[in-house]
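Fold and geometry: a report
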Amino acid sequence: MRLHALGLAVFTLATIAAAPAPPPLRVCADPNNLPFSNAKGEGFENRMAELLARELGTRVEYTWWAQRRGFVRNTLDAGACELIVGVPVGWDPVLATRPYYRSTYVFVWRRDRALDVRSLDDPRLQGLRVGVQLVGDNGVNTPPAHALAARGIVDNVRGYPVYGDYASSAPSAAILDAVVHGDIDVAVVWGPVAGYFAGRLGAPLDWAPVSPAAEPPALRFTFAIAAGVRKTDAALRDRVQTALDRHADEVAAILDAYAVPRVATP
Amino acid sequence: VNRRKALCSTRGRRVAASLAALIGILLLAALLAHPTRHVGAANSDEGQWLRPAGDYASTRYSALAQITSDNVKQLRLAWSFSTGFNRGHEAAPLVAGDMVYIVTPYPNVLYALDAQRGSLRWKYEPKPVPAAQGVACCDHVNRGAVYADGRIVFNTLDMHTVAVDARTGRELWKTKLGDINRGETMTMAPLVVKNKVLVGNSGGELGVRGWLTALDLASGKIAWRAYSTGPDADILIGPAFKPFYASDRTPNLGVSTWPSEAWRIGGGTVWGWISYDPELDLIYYGTANPGPWNPEQRPGDNKWTSSIFARRPETGEAVWAYQFSPHDEHDYDAINEQILLDLDIKGARRRVLVRPERNGYVYVMDRGTGEILSATPYAYVNSSKGVDLKTGRLEMNHEKTPVLGKVVRDICPASPGAKDWQPAAWSPRTGLLYLPHQNLCMDVEAVDTSYIAGTPFVGMNVRMVAGPGGHRGELTAWDPVRARAAWKLKERFPVWSGAVATAGDVVFYGTMDRWFKAVHAKTGELLWQFQTGSGIIGQPITYRGPDGKQYVAVLDGVGGWAGAIVAGDLDARDAGAALGFVNAMRDLPQHTSKGGTLSVFALP
């Protein structure tokens, strides 16, 4: 028994000596999309990637690609990388873990305006200048944009493509800059973007979750976010799941540090 | 280079027809007598091919007649050239002097080859920024270059227009026209008119505002820019603007047909074809669909998206405009080619432009005034009910309006339209247009979770399927005077290539399952075919080589929107990929792989 253990130890040492460094955790990420990720490692998904790599006993190696049409095809599916840190649950191109946070679209206004808009049915939305994020995917846009249009709130709505100006250091912040500068009174923005930028622009911003949380048949304003891998990569998904489960407190701390708005459901 | 007027007289051909009749070839006379009343078709550039459409009228007709319907079966490969790239090759080769020029998809390399032997003379690499791939909306195609005054001019995906010395490949100028970082790209082929290089942008899905810009051919300096949306001053609408329909005459429709400021990011990009009539001194081109708003967010006609403009080439001043698809709900860009012909319509000679439109109608319009003379479906259409010739308005079928969260089946045509960018050819000898197009419908089935730039949302799950008959592509020979099809050829896949017609009564086109075909211009009979290395989505051309022989050239290299499943390695199980096009193209990988090659054919 002792001899066996010794033999195993020698074998293990020999293996370690001969083996190259463990393969890196290859992460597919956008190099310029704060608060999620950037090439300087300043986003909360960068921090999440580092946490997961540490738990898996390795380091992060990024494949950078703008997170637009073709992102998965050119990164994950091209075999260039193996993990996307943040994906919505139910998103078809990937195999996802269980969600590690749930966020919501929020109303955002300048703190000194104290608008406190909380409901899509707030009558003031008929007259306020409202900003919405646009994705323009064959005439489909963010859920609040559809919800406002369904209420006939159209003429006072300004659109801000989520792509923004990719030459700037924070392309998605344009809609919140517009709130700060008074181009619009209130914006309806995906939670993580609002939470992060609310305290980082020229004037403090306040936000509140959009209510109701959903509008049948097609609209909902809350989404559960998980990590995603290739559909054939269940083994990696399971390892990442284990790491997420084991470090739930650290995950929560990272999300807190970036002021990511979170909701209990769905 | 001798560049005579493209819209030339037909007197010579009329005399020829009379002679033929005199010597008693009665059948031939009967065939020629009718078509000789059509003008505007001759490619007068001495056997060269100086712009993708051949001539300014965009006929893609060649007067070369060495290769005929009788001898085309002997056609064989003379030489070929691999481009070294794998994205979709949509460009037309150019021929100027003794050289053939091809521009590749991103990274937009320009190759110059000996027109007779195929030897590589030089290449020019503009080196567009790699980020252009990630931020471009669609496949990284390029639809071709143009030759003018000793220069080859073309656009790069990353928003530059470049002019290169046609003999040496030396860069003469390179002008930045927009910012890839704001979602703008360029894929269209420029046209040079009166020493102005005319170019337009792509990227309506990303919040881009469409424009056509003119650059000085000698210096590359921007001369004027005409937007598709916004105030009249931005659209270059002034006192000379006289649209045919009364509803189009109100000032500032580019603002008032949108909610508040929505026109500022309203789309209407210009990524298709431009034609020019030297006699009327008007250029013609179309604008893409409205974006990135959803239809409910942009009540109104959304002018001037999905429209056509007639402008003065020197100033850009708009002379008339017409909107094919007001308040577009189906992604029916109006960027297709306009073919300038003089036709006898109801007993009167009319200067017309013919537009085989994405919404499924062939429009025959008076090109001086913008009046619609006829608008007839050339494919199965149920998304609209017809065009009111009094008001010019397309009557929509609201049962087929895609609504988020609602299942709408069998919308025809699908988003790529009955015909997309792939350009048609015209033969004055037959009086027929040869339309390469698709036969696709779509279902908007369910909502799906989507994700872009860190932002989750609910999307529509679009699935395209074959239209009536089960085939996905057609080549339709269309008689624009009688407003009906003379014959149709069915193809397995969308016919995503261009067409070219010749005085030898041969029409060439390519298929996505790798066949380069020659058919009889009168009957559609298949006369010859050649299996290329990859599927064909390029534009065939024909030219006279330095040795006096007639050559036919085409780029293969499948891709584009229709071929994204192969060029982009998309998953056949992902029905919604490529905006739903993959569903209709699942079997394409069984027929072709990717990779671009120029093939040049001649008689032995």
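Look up a bit, the structure's there.
The notes below deal with the structure included here. Predicted model only: the values in this text are computed from it and were never measured.

Calculation criteria
- Sequence order sets the numbering: in each chain, residues are counted from 1 along the sequence as written.
- Labels are handed out in written order, letters beginning with A for the chains and numbers beginning with 1 for the ligands.
- Local features in this predicted model are restricted to residues of pLDDT 70 or higher, and side-chain atom pairs are both shown and tallied only at a pLDDT of 80 or more, whereas totals for entire chains, interfaces and linings draw on every residue.
- Hydrogens and water molecules were not included; the side-chain quantities draw on all heavy atoms of the structure.
- Going along the chain from the N terminus, every DSSP run of H or I of four or more residues is numbered as a helix, and every run of E of two or more is numbered as a strand.
- Each residue gets one of three labels from its accessible area relative to the maximum for its type: buried under 20%, exposed over 50%, partly exposed in between, using a 1.4 Å probe on protein chains only.
- In what follows, residue pairs with any heavy atoms lying within 4.5 Å of each other are defined as contacts.
- Accessibility throughout is a Shrake-Rupley quantity obtained with a 1.4 Å probe, and a residue counts as covered only by protein chains that appear here.
- The charge count treats Lys and Arg as positive and Asp and Glu as negative. His and the chain ends do not count.
- Taken as the charge location is NZ of Lys, CZ of Arg, CG of Asp or CD of Glu.
- Only C-alpha atoms enter the line fits that serve as axes; for helices the fit covers just the stretch in contact. Angles between N-to-C directions range over 0 to 180 degrees.
- Roughly parallel means an angle under 35 degrees; roughly antiparallel means over 145; roughly perpendicular covers 65 to 115; every other angle is labelled oblique.
- It is the rotation of the near helix from the far one that decides the hand of a crossing: anticlockwise by less than a right angle makes it left-handed, clockwise makes it right-handed.
- Note: buried area is the sum, over both parts, of the accessible area (probe 1.4 Å) each one loses when the two are combined.
- Each reported salt bridge corresponds to a side-chain nitrogen of Lys or Arg within 4 Å of a carboxyl oxygen of Asp or Glu.
- For this analysis, a polar contact is any N or O atom pair within 3.5 Å, provided that within protein one partner can donate a hydrogen and the other can accept it, and provided that sequence-adjacent residues contribute only side-chain to side-chain pairs.
- Three classes are used, and their members are as follows: Ala, Val, Leu, Ile, Met, Phe, Trp, Tyr, Cys and Pro are nonpolar, Asp, Glu, Lys and Arg are charged, and the others, Gly among them, are polar.
- DSSP calls a pair of strands paired once it identifies at least 2 bridges connecting them.
- A pair of aromatic rings is counted whenever rings of Phe, Tyr or Trp (Trp by its six-membered ring) have centres within 6.5 Å, and the orientation is called stacked for planes under 30 degrees apart, edge-to-face for over 60 and tilted otherwise.
- Placement of a charge over a ring requires the Lys NZ or Arg CZ to be within 6 Å of the ring centre, with the centre-to-atom vector within 35 degrees of the ring normal.
- Any helix carries an expected span of 1.5 Å times its number of residues minus one.
- Only buried residues count toward a nonpolar core. Its members are Ala, Val, Leu, Ile, Met, Phe, Trp, Tyr and Cys residues joined through side-chain atoms within 4.5 Å.
- Whenever a pair of cysteine sulfur atoms sits within 2.5 Å, that pair is classed as a disulfide.

Another aspect to go through is the overall build of chain A. Helices and strands together make up the secondary structure of chain A, namely eight helices and 14 strands. With respect to the three principal axes, the spread of C-alpha positions in chain A is 80 × 35 × 35 Å. Relative to its 266 residues, chain A shows a buried fraction of 53%. Long-range pairs, those at least 24 residues apart, make up 74% of the contacts in chain A with a sequence separation of at least 6. If you sum the accessible surface of chain A, you get close to 11,200 Å²; carbon and sulfur atoms cover 56% of it. Of the side-chain charges in chain A, 27 are positive and 27 negative, and the distance between the mean point of each set is 3 Å.

Relative orientation and spacing of two packed helices are given, respectively, by the angle between their axes and the distance between those axes. Residues and elements named next belong to chain A. Relative to each other, helix α2 (residues 44-55) and helix α8 (residues 248-257) sit at 160°, their axes nearing to 10 Å. Relative to α8, the element α2 lies roughly antiparallel. Handedness of the α2/α8 crossing: right-handed. Touching Phe-44, Arg-47, Met-48, Leu-51 and Arg-54 of α2 are Glu-250, Val-251, Ile-254 and Leu-255, all from α8.

Between chain A and chain B, the contact holds 50 residues from the first and 45 residues from the second. At the boundary of chain A with chain B, total buried surface from both sides reaches about 4,400 Å², with 60% on carbon and sulfur atoms. When the buried area of chain A at its contact with chain B is split by residue, Arg69(A), Arg73(A) and Asn138(A) rank highest and sum to 16% of it. Here chain A and chain B share one salt bridge between them. Residue Arg182(B) pairs with Asp165(A) through a salt bridge whose shortest N-O separation is 3.2 Å. Connecting chain A to chain B are 13 residue pairs in polar contact (both at pLDDT 80 or more). Elements that contribute at least two residues to the side of chain A that touches chain B include exactly β5 (84-88), β8 (130-134), α4 (143-150), β9 (157-161) and β13 (219-220) of chain A. The residue inventory of the side of chain A that touches chain B, partitioned by class, reads 27 nonpolar, 13 polar and 10 charged.

This part takes up the sheet that holds strand β10 (residues 171-176) of chain B. All names here are of chain B. If you trace the four strands from one edge of the open sheet to the other, you get β7-β8-β9-β10, paired in antiparallel fashion. Every interior strand has two partners, whereas the edge strands, β7 (146-148) and β10, have only one. Averaged over neighbouring strand pairs, the angle between their axes works out to 20° when direction is ignored. Of the pairings in the sheet, the one linking β7 to strand β8 (residues 151-156) comprises three bridges and is antiparallel in character. When the sheet's bridge partners are listed, Val-146 is paired in β8 with Val-153.

Here the focus is the packing of aromatic side chains. What characterises a pair of aromatic rings is the spacing of the ring centres plus the angle enclosed by the ring planes. Evaluation of the coordinates by the stated rule reveals 36 aromatic pairs over all chains. Aromatic side chains Tyr196(A) and Tyr258(A) sit 5.7 Å apart centroid to centroid with 20° between the ring planes, which places their arrangement in the stacked category. Of this pair, Tyr196(A) sits in helix α6 (residues 191-197) while Tyr258(A) sits in the segment after α8; the two residues are 62 residues apart in sequence, bridging distant segments of the chain. Looking at Tyr196(A), the relative accessible area reads 9%, which means it is buried. Residues Phe244(B) and Tyr245(B) carry aromatic rings whose centres are separated by 4.9 Å and whose planes lie at 75° to one another, so their mutual orientation is edge-to-face. Overall, the relative accessible area of 30% leaves Phe244(B) in the partly exposed class. On the accessibility criterion, Tyr245(B) (4% relative accessible area) is buried. What links up through ring pairs into an aromatic cluster is the set Phe36(A), Phe44(A), Tyr100(A), Tyr101(A), Tyr196(A), Phe197(A) and Tyr258(A). Over the face of the ring belonging to Tyr56(B) we find Arg51(B), whose NZ or CZ atom lies 4.4 Å from the ring centre. When the ring centre of Trp273(B) is taken as origin, the NZ or CZ atom of Arg60(B), which lies over that ring, is 4.8 Å away.

A word on the environment of Ala223(B). Residues and elements named next belong to chain B. Tracing the backbone shows Ala-223 in strand β14 (residues 222-227). Overall, Ala-223 belongs to the partly exposed group, its relative accessible area being 44%. Distance from Ala-223 to Pro-190, taken between C-alpha atoms, is 15 Å for residues 33 residues apart in sequence.

Looking now at the side chain of Arg472(B). Residues and elements named next belong to chain B. Tracing the chain through its elements places Arg-472 in the loop between β29 (455-466) and β30 (473-479). In this structure the side chain of Arg-472 is engaged in a polar contact, spanning 2.9 Å, whose partner is the backbone oxygen of Arg-492. Within polar-contact distance, the side chain of Arg-472 engages the side chain of Asp-587 at 2.8 Å. If sequence neighbours within four positions are ignored, Arg-472 has contacts with His-437, Gln-438, Asn-439, Leu-440, Ala-466, Glu-491, Arg-492, Phe-493, Pro-494, Ala-584, Met-585 and Asp-587.

Residues and elements named next belong to chain A. The terminal C-alpha atoms of α2, which comprises 12 residues, lie 17 Å apart, in line with the 16 Å expected from a rise of 1.5 Å per residue. When α2 is considered as a whole, its buried residues turn out to be Phe-44, Glu-45, Asn-46, Met-48, Ala-49, Leu-51, Leu-52 and Ala-53. Directly beyond the C-terminal end of α2, a positive phi value near 75° is found at Gly-57.

To continue, consider the sheet that holds strand β3 (residues 94-96) of chain B. All names here are of chain B. Ordered in space as β3-β4-β5-β6, the four strands form an open sheet in which the pairing is antiparallel. A single partner strand is all that each edge strand has here, and the edge strands are β3 and β6 (120-124). Strand-to-strand twist across the sheet, computed as the mean angle between neighbouring axes with direction ignored, equals 20°. Pairing between strand β4 (residues 99-103) and strand β5 (residues 110-114): five bridges, direction antiparallel. By the bridge assignment, Tyr-101 is partnered in β5 with Ala-112.

Across four bridges, the pairing between β5(B) and β6(B) is antiparallel. Residue pairing in the sheet places Leu113(B) in a bridge with Leu120(B) of β6(B).

Counting residues in each nonpolar core, the largest one holds 88 residues, and the members touching the most others are Leu83(A), Tyr100(A), Phe107(A) and Leu148(A). Listed in part, the 52 residues of the second largest apolar core include Leu94(B), Tyr124(B), Ala145(B) and Ala553(B).

Residues and elements named next belong to chain B. Extensive coverage of strand β9 (residues 160-165) is indicated by the burial of six of its six residues. Residue alternation in β9 divides its side chains into two sets, His-160, Val-162 and Val-164 and Thr-161, Ala-163 and Asp-165, and both sets are buried. Where β8 hands over to β9, the hairpin turn is made up of three residues, of which Met-159 adopts a positive phi near 70°. Of the strand pairs in this sheet, β9 and β10 are connected by five bridges, and their pairing is antiparallel. Bridge assignment links His-160 to a residue of β10, and that residue is Lys-176. Here β9 hands over to β10 after five residues, with Gly-169 in that stretch at a positive phi of 85°.

Quick look at the state of the cysteines now. Scanning all chains against the criterion turns up two disulfides over all chains. Paired through a disulfide, Cys28(A) and Cys81(A) show a sulfur-sulfur distance of 2.2 Å. Judged by the sign of its S-S torsion, about 115°, the bond between Cys28(A) and Cys81(A) is right-handed. Taken together, the residues span a long stretch of sequence, with Cys28(A) in strand β1 (residues 25-29) and Cys81(A) in the loop between α3 (71-74) and β5 at a distance of 53 residues. Using a relative accessible area of 0% as the deciding quantity, one classes Cys81(A) as buried. Each sulfur of the disulfide joining Cys412(B) and Cys441(B) lies 2.2 Å from the other. Disulfide Cys412(B)-Cys441(B): the torsion about the S-S bond is 105°, which places it as right-handed. Here Cys412(B), found in the loop between β25 (408-411) and β26 (425-427), pairs with Cys441(B), found in strand β28 (residues 440-452); they are 29 residues apart in sequence, far enough to count as distant.

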